[in-house]
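Reading the structure
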Amino acid sequence: MNDSSWGAPPQAGYWGPTDQGHGQGHAHSPGHAPSPGHGYAQGAAPAGPAYDAHDGRAPQTRAMPIVPDVAAYGGDQDDDRGTARLSGSPVRNETNPEPMPDAAEPAPKPQKKSAGRDLSAAIGVGVGLGAVIVASLFVVKAVFVGVVAVAVVVGLWELTKRLDERKGIRAPLVPLALGGAAMVVAGYVRGAEGAWVAMALTALAVLVWRMTEPPENYLRDVTAGVFAVFYVPFLATFVAMMLTADDGPQRVLTFLLLTVVSDTGAYAVGWRFGRHKLAPRISPGKTREGLLGAVAFAMVVGALCLEFLIDGGAWWQGLLLGLAVAVSATLGDLGESMIKRDLGIKDMGTLLPGHGGIMDRLDSLLPTAPVVWLLLVLFVGSG
């Protein structure tokens, strides 16, 4: 008889019922159990293959090992109680918390790290933007100021559009765009004083413009508008103020090189050696090793720039400048990541293939601009 012909296993310590079909008191020997599938009634002989037709007695049976309440040959769990469907996966239930071993599965093949973006497109767009910026920077300063103003307007458009789409916040774009461009020009023409005045007037224009619409959510909309005024155009005015110095183009080039090199160092080192997360709740892709790469790259380039590009600069000042840029660029990147995570988006826009939107490129540049402007003024003067 095959073991598979047995039904459900007997309970531990069960001796089996008296065989009423052959007189009372004839019991099975200890340690032997009848097939529970027999199910015979009192006074009747058991039916089925377990009944021995030769001598009229029920045969002695082998002890059936105790097995769990689920199929012992594997199955996918239907629920937490261990009900199983036949398959090739291990079984686990309350009485058997560890999964039963199954056929050995081949080890998963290691996957290559992915950059997450179209690198060829990103490099092409980056080189093109760099060429436009450098050409305008060293040919006609006013053209470069115009490039900064255009970037500010596009960045404000992306930011206000995402706020409206994801949160229903309607920060007025018209006064923000006009005032933002005016702030950049005022910072170039009138310096820090002109930038502050233009910022105050732009914030006032946001408050007044929003009054033309219903009062519901007025405070929320104007608060977002004032935040946008500070976050994009005001910080960008420090780039224009750097340009006013005699060696203004060199200062702006130093600012751009340090920020780009910091981002590149963080990406390269983090992608290759990154193991420990820097801020997993904000930006899971950033690592501490990447931050160290940003600091190392930026400090080296900073020392070279202060030694050879900036009049009166020293290499040790470049080391400090590079360290400050690496920190501010990383914080700026994390700050925009916080905004995008709150909005539930990956990129602020799609204008730049391989990069996202303009704001996705300005995230580390904007907070770094006042840091570079201030340190260069302290190290070598306003020019």
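Residues numbered from 1 in each chain as written. Predicted model: local features only at pLDDT ≥ 70, side-chain atom pairs only at ≥ 80, totals over all residues. Heavy atoms only, no water.

For side chains of opposite charge, pairing can occur when their charged atoms come near one another. Scanning the model with the defined rule gives 7 salt bridges in all. Linking Arg210 and Asp221 is a salt bridge whose minimum nitrogen-to-oxygen distance equals 2.9 Å. Of this pair, Arg210 sits in helix H3 (residues 173-210) while Asp221 is found in helix H4 (residues 218-243), placing the two residues 11 residues apart along the sequence. Taken individually, Arg210 and Asp221 each receive the classification buried, so the pair is uniform in this respect. The partner of Arg251 in a salt bridge is Asp247, with the nearest N and O atoms 2.9 Å apart. As far as burial versus exposure is concerned, Arg251 and Asp247 are alike and both buried. Residues participating in the shared-partner salt-bridge network are Arg210, Arg220 and Asp221. (Salt bridge = Lys/Arg side-chain N within 4 Å of Asp/Glu carboxyl O. Helix = DSSP H or I, 4+ residues; strand = E, 2+ residues; numbered from the N terminus. Buried < 20%, exposed > 50% of the residue type's maximum accessible area, 1.4 Å probe, protein only.)

In this section: the nonpolar core. Counting residues in each nonpolar core, the largest one holds 58 residues, and the members touching the most others are Val252, Phe255 and Leu321. Here this core takes 14 residues from H4, the largest share from any one element. When neighbours within four sequence positions are excluded, Leu321 is seen to be in contact with Thr254, Leu258, Leu306, Val372, Leu375 and Leu376. (Core = buried A, V, L, I, M, F, W, Y, C linked by side-chain atoms within 4.5 Å. Contact = heavy atoms within 4.5 Å.)

This part takes up the confidence of the model for the protein. Detailed reading of predicted coordinates is not advised where the pLDDT is low. For the protein, mean pLDDT is 78; residues scoring 70 or higher make up 68% of the total. Within the model, the stretch residues 67-96 combines pLDDT values under 50 with 52 contacts to residues more than four positions away or in other chains. (pLDDT = per-residue confidence, 0-100.)

Here we come to a nonpolar patch on the surface. Taken together, the side chains of Val197, Leu201, Leu204, Leu207, Val208 and Val226 define a hydrophobic patch exposed on the protein surface, amounting to about 490 Å² of accessible area. Sorting elements by how many residues they give to the nonpolar patch places H3 first, with 5 residues. Its location among the elements puts Leu201 in helix H3. You can call Leu201 exposed: its relative accessible area is 54%. (Patch = residues over 30% accessible without salt bridge, like charges linked within 9 Å, V, L, I, M, F, W, Y side chains within 5 Å. Areas by Shrake-Rupley, 256 points an atom, 1.4 Å probe, with all protein chains shown as cover.)

A word on the environment of Thr237. Tracing the chain through its elements places Thr237 in helix H4. Judged by relative accessible area, which is 0%, Thr237 ranks as buried. Through-space distance from the C-alpha of Thr237 to that of Val152 is 9.7 Å; in sequence the pair is 85 residues apart. If sequence neighbours within four positions are ignored, Thr237 has contacts with Met183, Val184 and Ala195.

What follows covers the packing of H3 against H4. Contact geometry for H3 and H4: axes closest at 9 Å, N-to-C directions at 170 degrees. Our classification of the angle between H3 and H4 gives roughly antiparallel. Each residue belonging to the contact of H3 with H4 can be placed in one class, and the counts come to 23 nonpolar, 6 polar and 2 charged. (Axes fitted to C-alpha atoms, helices over the stretch in contact; angles between N-to-C directions. Parallel < 35°, antiparallel > 145°, perpendicular 65-115°, else oblique. Nonpolar A, V, L, I, M, F, W, Y, C, P; charged D, E, K, R; others polar.)

This structure, assessed with the given rule, holds 6 aromatic pairs. Between Phe234 and Phe238, the ring centres sit 5.5 Å apart and the planes meet at 85 degrees, which makes this aromatic pair edge-to-face. Of this pair, Phe234 and Phe238 both sit in helix H4, 4 residues apart, which is roughly one turn of that helix. As far as burial versus exposure is concerned, Phe234 and Phe238 are alike and both buried. (Phe/Tyr/Trp six-rings, centres within 6.5 Å; stacked < 30°, edge-to-face > 60°.)

Let's shift gears to the side chain of Asp360. By the element assignment, Asp360 lies in helix H8 (residues 358-362). Its relative accessible area of 2% is what places Asp360 among the buried residues. Here the side chain of Asp360 touches Lys340 through a polar contact of 3.0 Å, side chain to side chain. (Polar contact = N/O pair within 3.5 Å; in protein donor to acceptor, adjacent residues only side chain to side chain.)

Their axes nearest at 10 Å, the elements helix H2 (residues 141-167) and H4 cross at an angle of 160 degrees. As far as their axial angle goes, H4 and H2 are roughly antiparallel. In terms of crossing hand, the pair formed by H2 and H4 is right-handed. Across from Lys141, Phe144, Val145, Val148, Val152, Leu156, Leu159, Leu163 and Lys167 in H2, the residues of H4 making contact are Arg220, Ala224, Ala228, Tyr231, Val232, Pro233, Ala236, Val239 and Leu243. Of the residues belonging to the contact of H2 with H4, the class tally is 15 nonpolar, no polar and 3 charged. (Left-handed = near helix turned anticlockwise from the far one by under 90°.)

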